[in-house]
Amino acid sequence: MDKELVTLRGDVWAARLQGHMSSLPHDIRRWMDENTRLLKVDKYSHCGLLRVGGDLCFLKFYADKSPLHKLADKVRMPTALRSFEADAALRWEEIPVAWPRACLRARGGYLLLSKGIEDSDTLLNLWQGGMQDDLAVHLMRTAGETLAAIHRAGLCHGDCKWSNVLWGGGVLYFIDLDAARPAPPESRRQARDVARFVVNAEELAVDARYVEQFLDGYLRETGDDREELVERLQPQLRKLRGRVFKDYLFPPKPLA
């Protein structure tokens, strides 16, 4: 097993995960099909929940995309490891993201193990299922505050859509930091995070007053001027709206 699974971060939890597996599966994805509660599956990743030693964990397998991609990982930080480092840096700042537990090189890809959030659901699912007004206001404002905290820490999220915002145990978490990058304040990358959240709200036909709660929370934490923020957002909003709404029969209401 040691020759096939190489611990990159988190020795204790990596050992627990290997012990939970008993023996190294030949096919990681098939093992996850059979031993986790799958949350998402696509061509290059498997995501699922499992209990390791009684603790709920989130496990993600990042499959190698190509021999060239595998070679590139030798000269740059692999996505799984970059996500681990971003989560760890934000947790150090006491920003609510899933606690990273281990990162391993596995046969055919990488494994990232994080703390699972009990009784949680994404902001997307919660909104589509219907929410009371007071909870909706709280979540929108908290999302703005939390994203601002990530930005103050010198990072961008990189994929700031509602399916990557998790509510559980009275805490709002930003998850899936695979695309996180260093980003200075007021940078294009940080503006794109805010714009992505806003455009996702427009896709869901969210009332503008809830979007304002999100922006108010963000501005309160950053101290930015609203007009200046909206001006910075415009190029990113145009790009994202152009992709998202190209097949729609109506344009989104401009953020003013």
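Numbers given to residues run from 1 along each chain, matching the order in which its sequence is written. Where totals are concerned, whole chains, interfaces and linings use all residues; where local detail is concerned, this predicted model gives features only for residues with pLDDT of at least 70, and gives and counts side-chain atom pairs only at 80 or more. Side-chain measures here rest on the full set of heavy atoms in the structure, leaving out hydrogens and waters.

Asker: Which residues make up helix α8 (residues 208–222), and what values do they have?
Answerer: In a regular helix each residue adds 1.5 Å, so 15 residues correspond to 21 Å; α8 covers 21 Å between its end C-alpha atoms and thus fits that length. With a 1.4 Å probe rolled over the protein chains alone, any residue whose accessible area is under 20% of its type maximum counts as buried; one over 50% counts as exposed, and the rest are partly exposed. Runs of E in the DSSP output that reach at least two residues are strands. Runs of H or I that reach at least four are helices, and both are numbered from the N terminus. All of the buried residues along α8 are Tyr210, Val211, Gln213, Phe214, Leu215, Gly217, Tyr218 and Leu219. We define a polar contact as two N or O atoms separated by no more than 3.5 Å, with the added condition that, inside protein, one atom must be a possible hydrogen donor and the other a possible acceptor, whereas residues neighbouring each other in sequence contribute only through side-chain atom pairs. Its side-chain oxygen 2.9 Å from the backbone nitrogen of arginine 209, aspartate 207 forms the N-cap of α8. Given a helix with a known number of residues, its expected span is that number minus one, times 1.5 Å.

Asker: Before we move on, can you summarise the pairing of strand β4 (residues 55–63) with the specific residues and values?
Answerer: For β4, the buried fraction is high: seven of the nine residues fall into the buried class. Here eight bridges tie strand β3 (residues 45–52) to β4, and the two strands are oriented antiparallel to one another. Of the residues in β4, the one forming a bridge with histidine 46 is phenylalanine 61. Where β3 folds back onto β4 in an antiparallel hairpin, the turn is made up of two residues, including glycine 53, whose phi is positive at roughly 60 degrees. Relative to strand β6 (residues 109–115), β4 runs antiparallel, the two sharing seven bridges. Each bridged residue has a counterpart across the sheet, and for phenylalanine 61 the counterpart in β6 is leucine 111. Note: two strands are recorded as paired if DSSP finds a minimum of 2 bridges between them.

Asker: Before we move on, could you go through the side chain of asparagine 200 and cite the residues and values that matter?
Answerer: With respect to the element layout, asparagine 200 can be found in helix α7 (residues 188–203). By relative accessible area, which is 9% here, asparagine 200 ends up buried. Reaching out from asparagine 200, the side chain makes a polar contact with the backbone nitrogen of tryptophan 162 at a distance of 2.8 Å. Note on definitions: a residue-residue contact is assigned when non-hydrogen atoms from the two residues lie within 4.5 Å. Those residues in contact with asparagine 200 that lie beyond four places of it in its chain are Lys161 and Trp162.

Asker: Go over the environment of glycine 108, please, and point to the residues and values.
Answerer: Summarising the element assignment, glycine 108 is placed in the loop between β5 (100–106) and β6. Once the C-alpha coordinates of glycine 108 and isoleucine 28 are considered, the two residues, 80 residues apart in sequence, prove to be 8.2 Å apart. Among residues more than four places away in sequence, those in contact with glycine 108 are Phe61, Tyr62, Ala63 and Asp64.

Asker: Just give me the short version of the sheet that holds strand β7 (residues 121–122), but keep the residues and values in it.
Answerer: One open sheet accounts for three strands, arranged β7-β9-β10; its pairing is antiparallel. One side of each edge strand has no neighbouring strand; the edge strands of this open sheet are β7 and β10 (171–174). Summarising the sheet, β7 and strand β9 (residues 165–168) pair through two bridges and their orientation is antiparallel. Opposite aspartate 121, over in β9, you have tryptophan 167 as the bridge partner. Between N-to-C directions, angles span 0 to 180 degrees; the directions come from axes that are lines fitted to C-alpha atoms, helices contributing only their stretch in contact. Here helix α6 (residues 133–152) sits on the sheet and contacts β9 and β10; the angle it forms with β10, its principal contact strand, is near 45 degrees.

Asker: I'd like a rundown of the nonpolar core, residues and numbers included.
Answerer: We define a nonpolar core as any set of buried Ala, Val, Leu, Ile, Met, Phe, Trp, Tyr and Cys residues linked to one another through side-chain atoms lying within 4.5 Å. In terms of nonpolar packing, the biggest core is built from 41 residues, with Met140, Trp162, Phe197 and Phe214 touching the most fellow members. For this core, the elements supplying multiple residues, two or more each, are α4 (79–92), α5 (123–129), α6, β9, β10, α7, α8 and α9 (226–244). Here this core takes eight residues from α6, the largest share from any one element. Met21, Ile28, Ala63 and Ala106 belong to the second largest nonpolar core, which has 19 residues in total.

Asker: So, the environment of glycine 48: which residues are in play, and what are the values?
Answerer: Residue position: glycine 48 is located in strand β3. Overall, glycine 48 belongs to the buried group, its relative accessible area being 0%. Not counting residues up to four positions away in its chain, the partners in contact with glycine 48 are Met32, Thr36, Arg37, Leu38, Leu39, Cys57, Phe58 and Leu59.

Asker: So, the side chain of aspartate 224: which residues are in play, and what are the values?
Answerer: With respect to the helices, strands and loops of the structure, aspartate 224 is situated in the loop between α8 and α9. At 3.1 Å, the side chain of aspartate 224 forms a polar contact with the side chain of arginine 232. Not counting the four nearest positions on each side in its chain, aspartate 224 is found in contact with Glu186, Tyr218, Leu219 and Arg232.

Distances and angles like these do not, on their own, reveal function.
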